[in-house]
Amino acid sequence: MKIVIEGNHALSYGAKAANVDVVSAYPITPQTQVVEKLSEMCASGELDAKFIKVESEHSAMAAVVGASAAGARAFTATSSQGLLLMHEILHWAVGARLPIVLGNINRAVGPPWSIWTDQNDSLSQRDTGLLQYYCESNQEVFDTVLLAFKVSETVMLPTMIVLDAFFLSHTSEIVEVFGPEEGAKFLPPFKPVDYLTPDNPMAFGNLTSPDSYYELRYKINKDTLRALDVAKEADEEFEKIYGRSYGIIEEYRTEGADTILVTSGTVTSTARAVVDAWRDKGRKLGLLKMRLFRPFPIEDVRRVLGNRKKVVVIDRNIGFSIGGIWAQEVKAALWNMRKQIPIFGFIAGIGGRDITPDVINEILDIADRLEYPEEEVYWIGVKDGQISYSRR
Amino acid sequence: MVEIRTHGRGGQGAVVASKVLAAALFKEGRFVQAFPAFGVERRGAPVVAFTRFDSEPIRLRCEIYEPDHLIVLDHALTETIDVAAGLKKGGWIVINSHANAEDFSYSEVYRLAIVDANEIAWRHRLGSRSAPIVNTAILGAFSRATGLVGLKAVLEAIAESVPFNPEGNKQAAIDAFNETRISNAMKA
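Structural notes, computed from the coordinates. Quantities reported herein were computed from a predicted structural model and do not represent experimental measurements.

With 28 residues of chain A at the interface, the matching set in chain B holds 19 residues. Buried area between chain A and chain B, both sides added, is near 1900 Å², and the carbon and sulfur share of it is 61%. Linking chain A to chain B there are 3 salt bridges. A salt bridge links A:E173 to B:R61, with the shortest nitrogen-to-oxygen separation between them at 3.1 Å. The tally of links from chain A across to chain B stands at 12 residue pairs in polar contact (both at pLDDT 80 or more). Where the side of chain A that touches chain B is concerned, the elements lending two or more residues are β1 (2-6), β8 (172-176) and α9 (267-280) of chain A.

Here's what the structure looks like:
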């Protein structure tokens, strides 16, 4: 059934299609509608799940950790400060090998307070070990909930699904949705090997000596790498059943391209139109959409970018002093290749500043007229009049 | 692609109007997109929302700076905001007002449709007399003026999207459709 819904509700309907057993979440702008819809579904019986009310995001994540450890399929959602408050328990969910799915609405981090989109909240969770998917449409959000549970429950690691505040969370558009019966064709019931039950008491996550902690980390790394293939296979199976697929990355008009623009989130969608316009003018430009951030698809990135003349990365985030976080990851992925490719890193759209086709054109124009980047990082659209310097 | 920008005030239902309009256009087989320029929303504060529709999937995911048409839920907004900023030549300005066309000083390259949505909304007890909820009425006026979306689809979308007093809201849209005053100011 096709309906017009906002991105937040696409997450809620996705959780319903995945037939989750437990939802625990604390509302925060711009994620609130995810929780509202799921609590309505749980209250009306539309979704046969337990909704656990909590007083904070730390508790919400702890509640789904408990539920998942007891063998339940568990879902939560948050944003920005809420995700940061969860941080300790995110590490826990990874170490405990719990396949929780978390929807995060990208919102800039304070202070100063902002409710608008940028990626620093989710990208700053890079080394917690959560798998991370970035989405560009509400359909992709809905579908990714099912894909995330499939991948998570296969490799026993939690996944974060990331969408831009307002440009997806509050944007209404057409989404093909279905219920748990249809979802079960792709996602069978969750049956963990070990789980908390009074019938068979066991302890989880106890004190572990140097003798075995090291190997447990090794196994997490190995399964994170395995998630690359698992995600690809899940995507192919999803396409066979529902007719839609996304890959773990997507190449758009990269055939014969000298320059590849690298994007994530909703910027990708706008960039497609810009790439078409450049192609119409005979310019050899292509697009690489980054969908998976963790595990980072190094081999695919090398295959797509390794033989080009220039790579241009747009980051809606900032690693202070080092530049955009996606650009850093792309540079690291390409470093050990024999051919050195100029990589242009651009910062744009932080704190919800709009990224229009004009902004993307400005970025491409700068990269187009230079052989090598003259600066490590370019900030697009900084207003000179608003720059002042500290008193000391 | 057609791009519509809606200006209103917190409490008038501008964001819902943009969504109901998208739902109505979807019923007529269009690809649609609706979203608010989300600010810190307070009752009475200026609010902007956007609607795009097309015969193909919509890829632009940024705000609308050069709309094809405008919906203005409060006449008084025109005194403090340049609501017509970027409006394309030939565009409709569908505005809630009890004033007459000659009271507006818009360029003659625009087309004007005026409806007293405050009066219509209160007639159907939508909101209060001092703060009527005019979003459904204005969509009837938009349908009448632009012809871009049929009244039938608008009424169906209202019935599905408006939880409180759907009949009153539908009747408000019908009344507005019938009572909209069209001023073809455009001479260009």
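Moving on, there is more to tell.
Below, the discussion takes up the pattern of salt bridges. Residues and elements named next belong to chain A. As enumerated under the stated definition, the model contains 34 salt bridges over all chains in all. Between E46 and K16 there is a salt bridge, with its nearest N and O atoms 2.8 Å apart. Taken together, the residues span a long stretch of sequence, with E46 in the loop between α2 (32-44) and β3 (50-52) and K16 in helix α1 (residues 7-17) at a distance of 30 residues. Classification of E46 as partly exposed rests on a relative accessible area of 39%. Note on K16: relative accessible area 15%, which makes it buried. We note a salt bridge from E250 to R272, for which the minimum N-O separation is 2.8 Å. Of the two residues, E250 is situated in strand β9 (residues 249-252) and R272 in helix α9; the sequence distance between them amounts to 22 residues. For E250, a relative accessible area of 22% puts it in the partly exposed group. Residue R272 is classed as buried on the basis of its relative accessible area, which comes to 11%.

Bringing the packing of α1(A) against α2(A) into the picture now. Residue and element names in this part refer to chain A. Viewed as axis vectors pointing N to C, α1 and α2 meet at an angle of 35 degrees, and their least axial separation amounts to 7 Å. In this structure, the crossing between α1 and α2 has a hand that is right-handed. Contacts between α1 and α2 involve N8, H9, L11, S12, Y13, A15 and K16 on the former and, on the latter, Q33, V34, K37, L38 and M41. The class makeup of the residues in the contact of α1 with α2 is 6 nonpolar, 4 polar and 2 charged.

Another aspect to go through is a negative patch on the surface. A grouping of A:D229, A:E233, A:E236 and A:E239 is seen on the molecular surface, where their side chains present a negatively charged patch. Tracing the backbone through its elements, the reader meets A:E233 in helix α8 (residues 210-242).

Here the focus is the sheet that holds strand β14 (residues 343-347) of chain A. Two orientations exist for strands paired in a sheet by backbone hydrogen bonds: parallel and antiparallel. Residue and element names in this part refer to chain A. Taken in spatial order, the 6 strands make up an open sheet running β9-β11-β10-β13-β14-β15, and their pairing is mixed. The sheet is open, and its two edges are formed by β9 and β15 (378-379), each paired on a single side. Judged from the 2 bridges that link them, β14 and β15 form a sheet pairing that is parallel. Residue I347 lies in a different strand from β15, and its bridge partner there is W379. Contacting β9, β10 (259-263), β11 (285-290) and β13 (310-315), helix α10 (residues 298-305) crosses the sheet at an angle of about 10 degrees to β9. Sheet contacts for helix α11 (residues 325-335): β10, β11, β13 and β14; angle to β13, the most-contacted strand, approximately 150 degrees.

Bringing the environment of A:R244 into the picture now. All names here are of chain A. Here R244 is to be found in the loop between α8 and β9. Residue class for R244 comes out buried when judged on its relative accessible area of 18%. Separated by 118 residues in the primary sequence, R244 and E362 place their C-alpha atoms 33 Å from one another. Discounting chain neighbours no more than four positions away, the residues touching R244 are Q139, D143, E176, F178, D235, F238 and E239. Engagement of the side chain of R244 in a polar contact is seen with the side chain of D143, the distance being 2.6 Å.

A word on the layout of surface pockets. Counted as a void, the largest pocket has a volume near 1400 Å³. Around the largest pocket, the lining is made up of 44 residues, and of these B:V16, B:K19, B:V20, B:S161 and B:P163 lie nearest the centre. For the lining of the largest pocket, the elements supplying multiple residues, two or more each, are β1, α1 and α2 of chain A together with α1 (14-27), α4 (135-146) and α5 (151-161) of chain B. Among the residues making up the lining of the largest pocket, the classes are represented as 19 nonpolar, 13 polar and 12 charged.

All names here are of chain A. Along β10, 5 of the 5 residues are buried, which leaves the element largely enclosed by surrounding structure. Side chains T259, L261 and T263 project from β10 onto one buried face, and the interleaved I260 and V262 project onto a second face that is buried too. Looking at chain direction, β10 and β13 are connected through 4 bridges and run parallel. Opposite V262, over in β13, you have V313 as the bridge partner. Two elements, β10 and β11, share 5 bridges in a ladder whose sense is parallel. Across the sheet, the residue bridging to L261 is L287, located in β11. In this region the chain leaves β10, passes through α9 and returns to the parallel neighbour β11; the handedness of that crossover is right-handed.

With respect to burial, α11(A) is a largely interior element, 8 of its 11 residues being buried. Of all the residues in α11(A), the buried ones are A:I325, A:W326, A:A327, A:E329, A:V330, A:K331, A:A333 and A:L334.

Basis of the calculations
Residues numbered from 1 in each chain as written. Chains lettered and ligands numbered in written order. Predicted model: local features only at pLDDT ≥ 70, side-chain atom pairs only at ≥ 80, totals over all residues. Heavy atoms only, no water. Contact = heavy atoms within 4.5 Å. Buried area = accessible area lost by both parts, 1.4 Å probe. Salt bridge = Lys/Arg side-chain N within 4 Å of Asp/Glu carboxyl O. Polar contact = N/O pair within 3.5 Å; in protein donor to acceptor, adjacent residues only side chain to side chain. Helix = DSSP H or I, 4+ residues; strand = E, 2+ residues; numbered from the N terminus. Buried < 20%, exposed > 50% of the residue type's maximum accessible area, 1.4 Å probe, protein only. Axes fitted to C-alpha atoms, helices over the stretch in contact; angles between N-to-C directions. Left-handed = near helix turned anticlockwise from the far one by under 90°. Nonpolar A, V, L, I, M, F, W, Y, C, P; charged D, E, K, R; others polar. Patch = residues over 30% accessible without salt bridge, like charges linked within 9 Å, V, L, I, M, F, W, Y side chains within 5 Å. Areas by Shrake-Rupley, 256 points an atom, 1.4 Å probe, with all protein chains shown as cover. Lys, Arg positive; Asp, Glu negative; His and termini not counted. Charge placed at Lys NZ, Arg CZ, Asp CG, Glu CD. Pairing = 2+ DSSP bridges. 1 Å grid on protein atoms, 1.4 Å probe; cavity = no way out; pocket = protein on both sides within 12 Å on 5 of 7 lines; lining within 4 Å. Points joined across faces, edges and corners; volume = space filled by probe spheres on them. Right-handed = clockwise from strand over helix to strand, strands pointing away.

Shape descriptors only; they carry no functional weight alone.
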